[in-house]
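Examination of the molecular architecture
For reference, the chains in residue letters:
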2 protein chains.
Amino acid sequence: MHENAQGESIPIRAALEAGDGLEFDLIELFFFAYRDFTSDPDQILSTDGFGRAHHRVLHFVNRMPGLTVAELLDVLKITKQSLARVLKQLIDTGHVVQMKGPKDRRQRELYPTPKGRALALALALPQSRRIRAALQETGPEERALIRRFLKAMVNPELRAQIDRLPHGGAPDVDGEPNDG
Amino acid sequence: MHENAQGESIPIRAALEAGDGLEFDLIELFFFAYRDFTSDPDQILSTDGFGRAHHRVLHFVNRMPGLTVAELLDVLKITKQSLARVLKQLIDTGHVVQMKGPKDRRQRELYPTPKGRALALALALPQSRRIRAALQETGPEERALIRRFLKAMVNPELRAQIDRLPHGGAPDVDGEPNDG
DNA sequence: GAAAATACGTCAGCCTTGTTGACATATCTC
DNA sequence: GAGATATGTCAACAAGGCTGACGTATTTTC
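In the nomenclature of an unreviewed UniProt entry, chain A corresponds to MarR family transcriptional regulator from the organism Aquibium carbonis.

Here you go:
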């Protein structure tokens, strides 16, 4: 009776295939795409002794200068102890500076330095190149469509947060009533 | 002279915005989308004491039954020591079985058990639902386009590997001469 | 048929980045 | 002044990457 009622023993030789509403191909593509998407920045970061976590912090501090620690935690969905580790390093290396909040002096507003801005740009460059190259394959007019798809992949509660990020530059925003 | 030539001190107050070929919005959307995309399986896996690494192994063993350890390492791009840890658990829990290669008996072919197949399906379900919901936003006829975009995000060397995965089911494959 | 190469397993230790829990300090609010 | 809030920090732990080293079975090569 310690033999289980099967299920654990016989090997299945048939490949699991798409169909029946199972999107294996897109699941796999998403996995491979994200892995390669993060590989170029990882390369650059490693020379500074940084990792992917530093990248994220640096990115959002550059995108939303003056955001507080609490706001950053809310964007990244990590604990303050996790954040503290990498944020401290970014501050010590002069990529990010903290300033007491002018209204509430318990808060710490985070700003990039020129050095931090430069690194953020350097990290965004290969990722942007990759995206543009991919859009080349679909036709660049599909940018809005890709954006809509990715946004719809995000949990609804979090989409509001995304809308709060600066939009500037790109001409073809979604249907949202965002840019005046 | 231990003051640096600036760059590390002054806080920048202007937000980094898209434009100049910098695709900040898509970069962020990709990050948020992937995070949420992996969150549903993570939930399920945690009840078995498994993590994301188990998911990947289980997924590809189900998609390519009989693949060898070396082949799996090549797909996942991790070291055999990393793989060993999670693979052992999947075998011990009866989700995966090993069989000596019939031609080369040094090899170990990996197969899912019914139990392993069931878990793989359970993990693919919420991810597939999310993808279908997102395709609803773009119009489901754009599936091929999304696929083309994601594939183009993958490093060229690796795209061949993707083509070797089973395609079945989905009616609108890309231009590739794949389905006879 | 011996020697070398290959496929795999395993031991040991390290790193990054996430987690929880506890506690200190400054500041704001009531 | 009391209590809530924003942040920092210490300590310990877990997952899942990594390197290096070594053992064993099997195949290939000379």
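**Some words on the protein's contact with DNA strand D**
Taken together, 25 residues are adjacent to DNA strand D, and Lys 80, Gln 98 and Arg 106 of chain A together with Arg 56 and Arg 85 of chain B come closest. The sugar-phosphate backbone supplies 55% of the atoms of DNA strand D found within 4 Å of the protein. The separation between a phosphate oxygen of DNA strand D and a polar main-chain atom of Thr 79 of chain B is 2.7 Å. Taking Ser 82 of chain B, its side chain carries an N or O atom lying 3.2 Å from a phosphate oxygen of DNA strand D.

**Section: the relation of the copies chain A and chain B**
At an RMSD of 0.0 Å, chain A and chain B line up after a rotation of 180° and a shift of 0.0 Å along the axis. Taken together, the rotation and translation describe the operation of a two-fold axis.

**Quick word on the protein's contact with DNA strand C**
Surveying the vicinity of DNA strand C reveals 26 residues, the closest of which are Ser 82 and Arg 85 of chain A together with Lys 80, Gln 98 and Arg 106 of chain B. Protein-proximal atoms of DNA strand C, defined as those within 4 Å of the protein, fall in sugar or phosphate at a share of 53%. Measuring from a phosphate oxygen of DNA strand C, one finds a side-chain N or O atom of Arg 56 of chain A at 2.7 Å. When residues of the surface near DNA strand C are traced back to their parent elements, those giving at least two are helix H2 (52-63) and helix H4 (80-92) of chain A together with helix H3 (69-76) and helix H4 (80-92) of chain B. Of the residues contributing to the surface near DNA strand C, the split by class is 5 nonpolar, 9 polar and 12 charged.

**A word on the pairing of strand S3 (residues 108-112) of chain A**
Residues and elements named next belong to chain A. For S3, the buried fraction is high: 4 of the 5 residues fall into the buried class. Summarising the sheet, strand S2 (residues 96-100) and S3 pair through 5 bridges and their orientation is antiparallel. Among the inter-strand pairings, Lys 100 is bridged to a residue of S3, identified as Arg 108.

**With respect to the packing of aromatic side chains**
The final tally for this structure, using the stated rule, is 14 aromatic pairs over all chains. Taking 5.7 Å as the distance between ring centres and 55° as the angle between the ring planes, the aromatic pair formed by Phe 30 of chain A and Tyr 34 of chain B counts as tilted. Here Tyr 34 of chain B lies in helix H1 (residues 24-46) and Phe 30 of chain A lies in helix H1 (residues 24-47), a pairing that spans two chains. Just as Phe 30 of chain A is buried, Tyr 34 of chain B falls in that class too. Here Phe 31 of chain A and Phe 60 of chain B contribute two aromatic rings whose centre-to-centre distance is 6.1 Å and whose plane-to-plane angle is 50°, an arrangement assigned as tilted. Placement of Phe 31 of chain A in helix H1 and of Phe 60 of chain B in helix H2 (residues 52-63) is noted, with the two residues assigned to different chains. Like Phe 60 of chain B, Phe 31 of chain A is buried. Following the ring pairs from residue to residue traces out a cluster consisting of Phe 30, Tyr 34 and Phe 37 of chain A together with Phe 30, Tyr 34 and Phe 37 of chain B.

**Some thoughts on unusual backbone geometry**
Phi is positive for Lys 77 of chain A, close to 60°, though the residue is something other than glycine. Tracing the backbone through its elements, the reader meets Lys 77 of chain A in the loop between helix H3 (69-76) and H4. With relative accessibility at 43%, the residue Lys 77 of chain A sits in the partly exposed group. One non-glycine residue, Asp 20 of chain B, lies in the positive phi region at around 60°. Within the element layout of this structure, Asp 20 of chain B appears in the segment before H1.

**Focus on the interface of chain A and chain B**
On the chain B side, the residues contacting the 84 residues of chain A number 84 residues. Interface of chain A and chain B: buried area, both sides summed, is about 8,400 Å²; carbon and sulfur atoms make up 69% of it. Joining chain A to chain B, the criterion identifies 8 salt bridges. Among the salt bridges present, the one from Glu 23 of chain B reaches Arg 143 of chain A, with a minimum N-O distance of 2.3 Å. Our enumeration of links across chain A and chain B arrives at 32 residue pairs in polar contact (both at pLDDT 80 or more).

**Focus: the sheet that holds strand S1 (residues 67-68) of chain A**
Across a sheet, paired strands are connected by hydrogen bonds in the backbone, their directions being either parallel or antiparallel. All names here are of chain A. Pairing in this open sheet of 3 strands is antiparallel, and the strands run S1-S3-S2 from one edge to the other. Edge positions in the sheet fall to S1 and S2, since each of these pairs with one other strand and no more. Relative to S3, S1 runs antiparallel, the two sharing 2 bridges. Residue pairing for S3: Leu 67 is matched across the bridge by Leu 110.

**As for the pattern of salt bridges**
On inspection of all chains with the given rule, the structure shows 20 salt bridges over all chains. Between Asp 104 of chain A and Arg 106 of chain A there is a salt bridge, and its shortest N-O distance comes to 2.8 Å. According to the relative accessible area criterion, Asp 104 of chain A is partly exposed, its value standing at 23%. The exposed category is assigned to Arg 106 of chain A, whose relative accessible area is 71%. Several salt bridges converge on common partners, so that one network encompasses Glu 23 of chain A together with Arg 132 and Arg 143 of chain B.

Thresholds applied
Residues numbered from 1 in each chain as written. Chains lettered and ligands numbered in written order. Predicted model: local features only at pLDDT ≥ 70, side-chain atom pairs only at ≥ 80, totals over all residues. Heavy atoms only, no water. Near = heavy atom within 4 Å. Polar contact = N/O pair within 3.5 Å; in protein donor to acceptor, adjacent residues only side chain to side chain. Least-squares fit on C-alpha atoms with pLDDT ≥ 70 in both. Helix = DSSP H or I, 4+ residues; strand = E, 2+ residues; numbered from the N terminus. Nonpolar A, V, L, I, M, F, W, Y, C, P; charged D, E, K, R; others polar. Buried < 20%, exposed > 50% of the residue type's maximum accessible area, 1.4 Å probe, protein only. Pairing = 2+ DSSP bridges. Phe/Tyr/Trp six-rings, centres within 6.5 Å; stacked < 30°, edge-to-face > 60°. Contact = heavy atoms within 4.5 Å. Buried area = accessible area lost by both parts, 1.4 Å probe. Salt bridge = Lys/Arg side-chain N within 4 Å of Asp/Glu carboxyl O.

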